[in-house]
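Residue-level structure breakdown
Single-letter residue listing:
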Amino acid sequence: MRFERISGMAKAGVVSLAMMLGLSSCSLDYVVGYVYVTAARSTPGIVHQYSIDYQSGALTEIGTAVQAGAKPVRIVAAPNGKFVYVVNQGDSTVQEFAVNTDGTLISKNTYKVTGTGPTAAAIDPQGAYLYVTFQYQTGYSASNPGPGGVTIFPVNADNSLGTSSTVNVGNNPVAVSVSYFNHFVYVLDQETAPKATILGFSQNTSTGALTAVPGTTITTVAGKTVATGYAAGVVPSAIAEEPTARFVYVTDQAANQLIGYTVSPNGALTPMVNGPFATGQFPTNLTIDPTGKLIYVVNFNSNSLQGYQIDLATGTPSSAVGAFATGVGSGPTCVAIDPALGTNLYTSDGGGDTVSAAKVQVNTGGLSGVQNSPFLASGQPTCLAIVPNGAHASQIIQP
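Sequence positions are assigned chain by chain, starting from 1 and proceeding in written order. For a predicted model such as this one, the threshold for reporting local features is a pLDDT of at least 70, and the threshold for listing and counting side-chain atom pairs is 80 or more; totals across whole chains, interfaces and linings nevertheless cover every residue. With hydrogens and water excluded, all non-hydrogen atoms of the structure serve as input to the side-chain values.

**Quick word on the pattern of salt bridges**
Put simply, the test is: Salt bridges are identified by distance alone: a Lys or Arg side-chain nitrogen within 4 Å of an Asp or Glu carboxyl oxygen. A run of H or I in DSSP becomes a helix once it reaches four residues, and a run of E becomes a strand once it reaches two; helices and strands are each numbered from the N terminus. Burial status follows relative accessibility: with a 1.4 Å probe on protein chains alone, a residue under 20% of its type maximum counts as buried, one over 50% as exposed, and anything between as partly exposed.
This structure, assessed with the given rule, holds one salt bridge. Across the pair arginine 41 and aspartate 353 runs a salt bridge, and its minimum N-O distance is 3.1 Å. Placement of the pair is arginine 41 in the loop between β1 (31–39) and β2 (46–53) and aspartate 353 in the loop between β31 (344–349) and β32 (354–360), with a sequence separation of 312 residues. Residue aspartate 353 is classed as buried on the basis of its relative accessible area of 19%.

**Side note on the pairing of strand β13 (residues 173–178)**
To be explicit about the condition: In this analysis, strands are considered paired if DSSP registers two or more bridges between them.
The element β13 is extensively covered by neighbouring structure, given that six of its six residues are classed as buried. Between β13 and the antiparallel strand that follows it, strand β14 (residues 184–189), lie five residues; asparagine 182 among them carries a positive phi value of about 75 degrees.

**Some details on the packing of aromatic side chains**
Formally: In this analysis, rings of Phe, Tyr and Trp, with Trp reduced to its six-membered ring, are considered paired at centre separations within 6.5 Å, and the interplanar angle assigns stacked below 30 degrees, edge-to-face beyond 60, and tilted for intermediate values.
The tally for this structure, following the rule as stated, stands at three aromatic pairs. Seen in terms of ring centroids, phenylalanine 282 and phenylalanine 300 are 6.2 Å apart; in terms of plane orientation they differ by 65 degrees. Their pairing is edge-to-face. Note that phenylalanine 282 is positioned in the loop between β24 (277–278) and β25 (283–288) and phenylalanine 300 in the loop between β26 (294–299) and β27 (304–310), a separation of 18 residues in sequence. Of the residues examined, phenylalanine 282 reaches a relative accessible area of 31% and is grouped as partly exposed. Of the residues examined, phenylalanine 300 reaches a relative accessible area of 31% and is grouped as partly exposed.

In structure tokens form, the structure reads like this:
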């Protein structure tokens, strides 16, 4: 955003706004945050780096793509916005990156997951524990299928990861979410129906350990872990929990639906009586905006993005005005909203080697285009994460 012939009073107002939002620039092209996009086609994989223009939401690539491990599939940001963690499926590692003051990343450490084939990660709101799902426990592999698990990494004061522990789960964990309140962790097990399930756990905030909540059972049968939980459609693909920790949502890529659940005080889940809710073709990922009022789902086969408004009393999602079946780049894989303003939305487009952008209308959930979107990437983008540029205000609805 470029201003010309601006008055002294207006300049002071702009500077005050920039300071309030944590924006900084030697010019007046303000940067509100940074987008990091993992790409898995090359060996090793890479992470693209972009800055977000405060006014337009447009992306500008900064620096050059940084090297990740083999086949990076997920990326998650620390709550302080100063570090990100990349899940490398090909070499079963988690890579820690520090965020420099100019938004570029610098690789710090790499850690081994306690199983093989990691698929997803989530960090608790306190930034104390990182949870990484993986496909195979020790002794199992694609040629010798068996159950997976969750690696629990304590996060040290310097954001390095400490000695990990493991919780065994079902045969194909693909996603994980951590509550903002109540300290519950939910793992999505992508076994085919009728075994597709959500596994619920309560988190020990002192150790990070997970204990199954009512409705979830973890047992061992003939030497293999067997996990049962809450029905999750046909082939579930992603999970998210809104900020008040009252509602959980799951996308089902086989049935083209969004499934909603109500969270009980003990962490048990109850399906919403008026669900499931229709999506586009092959929904792969979803996100919830910082206010907890809006859900956005990306549909891989439809090359589309759908918005839903959340009923704050019941959690029911209904189509957001102007946000139904909005086109994005080819084969969207992940979607995220910037945490600083909550008005800029981005998707990683794995089929088109691009990143798509849209502006969010906070009152209605409607979407409008961003000039020059989609933006070029390369290497088959798999996912993305966003961090704010400096301190920012946040809004969370209290339960």
